[in-house]
Amino acid sequence: MDMNIVILRLGHRPERDQRVTTHVGLTARALGASGMLLASNDKGVIISLNEVAGRWGGSFFARIVDSWKQEVRSWKEGGGRVVHLTMYGQNLPDVIDDISKEESLMVVVGAEKVPPDIYQAADWNVAVGSQPHSEIAALAVFMDRVNAARGTEPLTQEFPGGKLKIVPHDQGKVVKEV
Ligand code: SAM
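Figured I'd write up the structure that's included with this text. A quick note: this is a predicted structure, and the numbers were derived from the prediction, not measured.

## Details of the environment of Gly161
Part 1: Residue placement: Gly161 occurs in the loop between α6 (135–150) and β7 (164–166).
Part 2: Taking the C-alpha atoms as reference points, Gly161 and Phe61, 100 residues apart in sequence, are found 14 Å from one another.
Part 3: If near-sequence neighbours (up to four positions away) are discounted, Gly161 is found in contact with Gly54 and Gly57.

## A look at the environment of Val109
Part 1: With respect to the helices, strands and loops of the structure, Val109 is situated in strand β5 (residues 104–109).
Part 2: Val109 sits 83 residues away from Leu26 along the chain, and the two C-alpha atoms are 14 Å apart.
Part 3: Beyond its immediate chain neighbours, meaning those up to four positions away, Val109 contacts Ile7, Leu8, Arg9, Leu10, Val24, Leu85 and Glu135.

## Describing the pairing of strand β6 (residues 124–127)
Part 1: The alternating pattern of β6 places Trp124 and Val126 and Asn125 and Ala127 on opposite faces, both of which are buried.
Part 2: Two strands pair when backbone bridges link them, and strand β4 (residues 81–91) and β6 are joined in this way by five bridges, in the parallel orientation. When the bridges of β6 are listed, Gln90 appears paired with Val126.

## Considering the pairing of strand β1 (residues 4–9)
Part 1: The buried count for β1 comes to five of six residues, which makes it a mostly enclosed element.
Part 2: With helix α1 (residues 18–30) bridging β1 and its parallel neighbour strand β2 (residues 35–38), the resulting β-α-β unit is right-handed.

The rules behind these values
Residues numbered from 1 in each chain as written. Predicted model: local features only at pLDDT ≥ 70, side-chain atom pairs only at ≥ 80, totals over all residues. Heavy atoms only, no water. Helix = DSSP H or I, 4+ residues; strand = E, 2+ residues; numbered from the N terminus. Contact = heavy atoms within 4.5 Å. Buried < 20%, exposed > 50% of the residue type's maximum accessible area, 1.4 Å probe, protein only. Pairing = 2+ DSSP bridges. Right-handed = clockwise from strand over helix to strand, strands pointing away.

Okay, structure coming up:
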């Protein structure tokens with residue numbers, strides 16, 4: 001059973017969060033998510049993530065959504081479950097076994113603030129350790145722990161269809177055009 005993980009990015013402020021939101025998307029893609037939904041109107045972030053996906057392969061998508069509530073509702077109607085990453089939630093080691101049994105997960109990450117309704121809308125509010133840190137770090141650890149619980153290895157996944165491919169090397173940079 002393959003897992004389908006989609007990230008929902010809330011609270012993005014175009015004037016401040018472009019770099020962090022882009023890194024949320026890049027991290028999601030590199031660690032095996034299918035796509036990222038951005039609940040703010042910032043086309044620049046979407047263009048740059050889709051360009052990376054075109055250049056480096058795979059089927060990751062990024063798109064803007066008008067209503068995060070509608071996205072959450074239709075995800076749940078389709079049988080998916082929703083994990084909101086927040087330092088106030090249940091600690092990840094206590095819930096990872098249940099979460100990793102799910103086939104379709106929407107993973108919600110915030111910026112400075114999240115709308116309070118997301119705590120009720122989520123099936124799980126999950127802390128990646130009960131200390132404040134970062135949405136990029138929280139997402140990376142979450143993705144890695146879910147994969148580990150399922151016995152899958154995101155770091156060796158293939159990204160077919162790209163124009164560039166890195167050839168791992170002990171020194172220097174080796175990139176081939178494909
Ligand atoms: N007060 C926020 C909170 O509820 O976690 C901290 C804001 S933090 C700058 C931005 C985002 O990083 C949060 O919305 C959350 O998704 C993520 N985050 C930060 N620390 C986290 C932690 N320990 N566990 C899970 N997610 C965390």
